[in-house]
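# Survey of secondary and tertiary structure
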Amino acid sequence: MSDRYTQFANSPLGRMLIKNLGLPAPLNLDRFQAGEPVINGAVLLGAAPGAVLTAGIARTLKNIQAEVHSYAQDQVVKTAKEAGLGVKVWNPEVDTEQKFKALVFDASGITRSDDLVQVYHFFHPVMRKLVESSRIIILGLPPEACTTPRQATAQRALEGFTRSLGKEVKKGGAAQLVYVAQDADKQAESTLRFFLSPRSAYVSAQVVRISASNTEAALDWNKPLAGKVALVTGASRGIGEAIAKTLARDGAHVVGLDIPALSDDLRVVTSMIGGSALALDITAGDAPAKIADYLKSNHGGVDIIVHNAGVTRDKTLANMTQQQWDMVMNINLCSEERINDELLAQNVIRENGRVICVSSISGIAGNMGQSNYGMSKAGVIGMVQSMAPLLYAKNITINAVAPGFIETAMTAAIPFAIREAGRRMNSMSQGGLPIDVAETIAWYASPASAGVNGNIVRVCGQSLIGA
Ligand code: NAP
């Protein structure tokens, strides 16, 4: 699906007209290309006094060979040095030409609201020094785990700051808040890599929680899913096709699933990626047992389940038939629950396994004419949140993405005016691509993301809908 306005906005004439008329100016976002480093450009690292996450951040920055700068902050320079990371000291008054691709601030040391001014001191001098598609990451402690109300208040305040900065950063930039639980700093690397890189192109203003985990995966970051088996439902086209291709790119053997009527399209996708095709309707009574049998007999189990298949049947509730209601609920939510139950009952999901669901911002904000769809997608969020602690005990994680407007056949069918509004009403003034959802799922799927559990991450360019 082509977005002609974004193409025009990136032409010389379009740029000039859009600037003069004050129209939204969507930028061609940086997206990951094979062989590229995690980040292309300088990183400014800072920390509030007493911060406890800086050493872990420094290890990651060292591992990705980032060019790192800091203000003349002894604590940051010393901690980085101990982690083996070289840091150049930057004086904004002297080196006025320096530009940054990413800003990373460790706010974990902030224990009271008076000290939130540390956030101002770090970000204020550098906000005009950002290049296109920049990355801002603030790290803090989960408010619910703080020891005093004042500390919890200050840490919670970071959320409003991050979401506001996401709206200010412009030029395709993004801002995220990562809460890291006690003893979980070793689990933060996959998340830092994801948010620093162009893989998170269309993700902004998200709050992610990292919990402690005993699983420490040694992996090749270029092929993190090597040796893993992934089941992707609705894999014949759209977002599901992008997920299947992305997980295969990362080394997984992908079992693509779609309805029998689409089995030819499905085979085209799975043969391109050396995967296998499983044609069945997930709502069929025997589907959960058939999926479990297939995965056990062909692969001895499964590592990653991606519940992507989904449909819309939009009508206001007064005009909606029960058939439209039942169909959406059954495909989008009830069948996912039945498949999970069966795979768990038969122990088909292996150690350090992943269950990944596709919700929607309609499940967060609701949407006119989508009472069935919004309910099913909110149910998906409920499923993730309620199952996360149970699966954690089995060393399996469950998370969801909540896409906003993504350019697919589903959104191409929306009437023009509503489609244009959906596309532009976000901080990036454009729709996302299926690859943006797929990259977010690949981050969840990584064996290094064992501490990422129970999260709902919106892939929506910070849509104005659903806040
Ligand atoms: P899509 O192009 O319609 O693809 C969905 C796939 O799932 C289709 O191949 C579909 O086949 C298949 N499917 C439907 N019912 C099935 C069943 N009973 N058993 C097996 N497969 C079935 O949709 P998409 O835009 O890629 O969306 C993928 C997911 O993202 C969905 O869960 C959707 O709700 C969610 N999402 C999309 C957007 C967006 O902007 N595109 C935004 C938020 C959330 P059929 O031909 O039968 O439909």
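As the structure is a computational prediction, the values presented were derived from the model and not from experiment.

### Brief notes about the environment of Val 255
As for its placement among the helices and strands, Val 255 is situated in strand S9 (residues 253-258). Look at Val 255 and you get buried, because its relative accessible area is 0%. Taking C-alpha positions, Val 255 is 34 Å from Arg 4, a pair spaced 251 residues apart along the chain. Setting aside anything within four residues of it in sequence, one finds Val 255 in contact with Val 229, Ala 230, Leu 231, Val 232, Ser 276, Leu 278, Tyr 294, Leu 295 and His 299.

### Side note on the nonpolar core
Membership of the largest hydrophobic core comes to 68 residues, with the highest contact counts inside it found for Leu 61, Leu 139, Leu 196 and Leu 247. Here this core gets seven residues from one element, more than from any other, and that element is helix H16 (residues 434-445). Judged by nonpolar contacts, the second largest core, of 40 residues, contains Val 229, Ile 381, Met 383 and Ile 398.

### Here's the deal with the site of the ligand
In the region of the ligand, 30 residues are neighbours, and Arg 237, Asp 258, Asp 281, Asn 308 and Tyr 373 sit closest. Asp 258 is positioned with one of its side-chain polar atoms (N or O) 2.8 Å from an oxygen atom of the ligand. Here Lys 377 contributes a side-chain N or O atom positioned 2.9 Å from an oxygen atom of the ligand. Protein contact buries 91% of the 880 Å² of open area that the ligand shows by itself. Elements represented by at least two residues in the shell around the ligand include exactly helix H8 (238-249), S9, helix H13 (371-392) and helix H14 (409-412).

### Thoughts on the pattern of salt bridges
Under the criterion given, the structure shown has 19 salt bridges. Glu 159 is paired through a salt bridge with Arg 163; the nearest N and O atoms lie 2.9 Å apart. Residue Glu 159 and its partner Arg 163 are both found in helix H6 (residues 149-168); the two are separated by four residues, about one turn of the helix. Assessed through its relative accessible area of 12%, Glu 159 is described here as buried. When the shortest N-O distance is used, the salt bridge between Glu 407 and Arg 423 registers 2.7 Å. Separated by 16 residues along the polypeptide, Glu 407 in the loop between strand S13 (396-403) and H14 and Arg 423 in helix H15 (residues 416-424) bring together distant segments of the chain.

### What about the pairing of strand S10 (residues 276-279)?
Consecutive side chains along a regular strand alternate between the two faces of the sheet. Burial along S10 is one-sided: the face carrying Ser 276 and Leu 278 is buried and the face carrying Ala 277 and Ala 279 is not. Bridge count between S9 and S10: four bridges; the pairing is parallel. Residue pairing in the sheet places Val 255 in a bridge with Ser 276 of S10. Read as a crossover between parallel neighbours, the route from S9 over helix H9 (residues 263-272) to S10 is right-handed.

### A short note on the sheet that holds strand S5 (residues 130-140)
The sheet built from seven strands is open, its strands ordered S3-S2-S1-S4-S5-S6-S7 with parallel pairing. Every interior strand has two partners, whereas the edge strands, strand S3 (87-89) and strand S7 (206-210), have only one. For this sheet, the mean angle separating the axes of adjacent strands, direction not counted, is 25°. Summarising the sheet, S5 and strand S6 (residues 174-180) pair through six bridges and their orientation is parallel. Note on S6: the bridge partner recorded for Leu 139 is Val 178. Here helix H3 (residues 54-63) sits on the sheet in contact with strand S1 (42-47), strand S2 (67-70), strand S4 (100-106) and S5, set at roughly 170° to S1.

### Remarks on the domain arrangement of the chain
You can read the domains of the chain as domain 1 (31-210) and domain 2 (229-459). Placing the centre of domain 1 and that of domain 2 at their C-alpha centroids yields a distance of 30 Å. Taken together, the contacts link 22 residues of domain 1 with 27 residues of domain 2. For the pair domain 1 and domain 2, the summed buried area comes to about 1,900 Å², and 55% of that belongs to carbon and sulfur atoms.

Thresholds applied
Residues numbered from 1 in each chain as written. Predicted model: local features only at pLDDT ≥ 70, side-chain atom pairs only at ≥ 80, totals over all residues. Heavy atoms only, no water. Helix = DSSP H or I, 4+ residues; strand = E, 2+ residues; numbered from the N terminus. Buried < 20%, exposed > 50% of the residue type's maximum accessible area, 1.4 Å probe, protein only. Contact = heavy atoms within 4.5 Å. Core = buried A, V, L, I, M, F, W, Y, C linked by side-chain atoms within 4.5 Å. Near = heavy atom within 4 Å. Polar contact = N/O pair within 3.5 Å; in protein donor to acceptor, adjacent residues only side chain to side chain. Areas by Shrake-Rupley, 256 points an atom, 1.4 Å probe, with all protein chains shown as cover. Salt bridge = Lys/Arg side-chain N within 4 Å of Asp/Glu carboxyl O. Pairing = 2+ DSSP bridges. Right-handed = clockwise from strand over helix to strand, strands pointing away. Axes fitted to C-alpha atoms, helices over the stretch in contact; angles between N-to-C directions. Domains from an automatic or database assignment. Buried area = accessible area lost by both parts, 1.4 Å probe.

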